[in-house]
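Single-letter residue listing:
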Amino acid sequence: MSDSSERSENIASSSEDTSDVVDSAQSAQSRSGEMPRRLAATIGFTILGAGACAWTVSIGIGTPDAPGPGFWPFVLGLSIIAAAIVFVVVNRDGKGERFSRDSLTGISLIGAVAVFIVLMTYVHFIVASAFLLTIGQILAGERSWIKITAVTVITSAACWFLFFILLGVPTPRV
């Protein structure tokens, strides 16, 4: 009887050892596929940030003491570049979240910021900020149009007052 119980334990332990090997082989395989995707994402976001920086130079950045209309979009572009670099350096082991619905929300929000920057040049800050705030709230899950409208109007007015009245930032020429 003891021989059969020892064989059972050996079989159980060998199957556990095998599952660990299979799991580590699968995770190594998935990690090797993650590197090109992570590198592609880093390059893509770096290009996006550099494009934003280059574009904002054309509308005038100004200086920190006298910011121009492209100053904060320029800072945003630099932030995107920095985040891409931090992502590739910190996430070397590939232990990150898989692509999910939340990932799509983040990508959609980045697209909304890009549209905001373009709208700010061709329409005006108020229209562009109303667009970005509305889309941002919808992507965050807000469904009450009363709340969306209230937050959009109050926040746009507060930003207008802060940037254009208190700080004296010039608006882009339309």
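From a predicted model like this one, the values you see are computed outputs, not experimental measurements.

What counts and what doesn't
- Residues numbered from 1 in each chain as written.
- Predicted model: local features only at pLDDT ≥ 70, side-chain atom pairs only at ≥ 80, totals over all residues.
- Heavy atoms only, no water.
- Patch = residues over 30% accessible without salt bridge, like charges linked within 9 Å, V, L, I, M, F, W, Y side chains within 5 Å.
- Areas by Shrake-Rupley, 256 points an atom, 1.4 Å probe, with all protein chains shown as cover.
- Salt bridge = Lys/Arg side-chain N within 4 Å of Asp/Glu carboxyl O.
- Helix = DSSP H or I, 4+ residues; strand = E, 2+ residues; numbered from the N terminus.
- Axes fitted to C-alpha atoms, helices over the stretch in contact; angles between N-to-C directions.
- Parallel < 35°, antiparallel > 145°, perpendicular 65-115°, else oblique.
- Left-handed = near helix turned anticlockwise from the far one by under 90°.
- Contact = heavy atoms within 4.5 Å.
- Nonpolar A, V, L, I, M, F, W, Y, C, P; charged D, E, K, R; others polar.
- Expected span 1.5 Å × (residues − 1).
- Buried < 20%, exposed > 50% of the residue type's maximum accessible area, 1.4 Å probe, protein only.
- Arc of directions from axis to C-beta.

1. Description of a nonpolar patch on the surface
Stage number 1. Among the surface-exposed residues, Phe161, Leu162, Ile165, Leu166 and Leu167 lie close enough to one another that they form a single nonpolar patch of about 500 Å² accessible area.
Stage number 2. Positionally, Leu167 belongs in the segment after α5 (145-166).

2. Some points on the packing of helix α4 (residues 125-139) against α5
Stage number 1. One way to put it is that α4 packs onto α5 with a least axis distance of 9 Å and a crossing angle of 140°. Comparing the axis directions of α4 and α5 gives the class oblique. Judged by the twist between their axes, the crossing of α4 over α5 is right-handed. Counted together, Phe125, Ile126, Ser129, Ala130, Leu133, Thr134, Gln137 and Ile138 of α4 and Trp145, Lys147, Ile148, Val151, Thr152, Thr155, Ser156, Cys159, Trp160 and Phe164 of α5 form the full contact between these two elements.
Stage number 2. Looking at the contact of α4 with α5 residue by residue, the class counts come to 11 nonpolar, six polar and one charged.

3. Describing α4
Stage number 1. With 15 residues, α4 should cover 21 Å at 1.5 Å per step; its first-to-last C-alpha distance of 21 Å lies within 8% of that length.
Stage number 2. Residues Phe125, Ala128, Ser129 and Gln137 constitute the buried set of α4. All buried residues of α4 lie within an arc of 155° about the axis, which places them on one face of the element.
Stage number 3. Next to the buried residues of α4 lie α3 (101-122) and α5.
Stage number 4. Downstream of α4 by one or two residues, Gly141 has phi in the positive range, about 105°.

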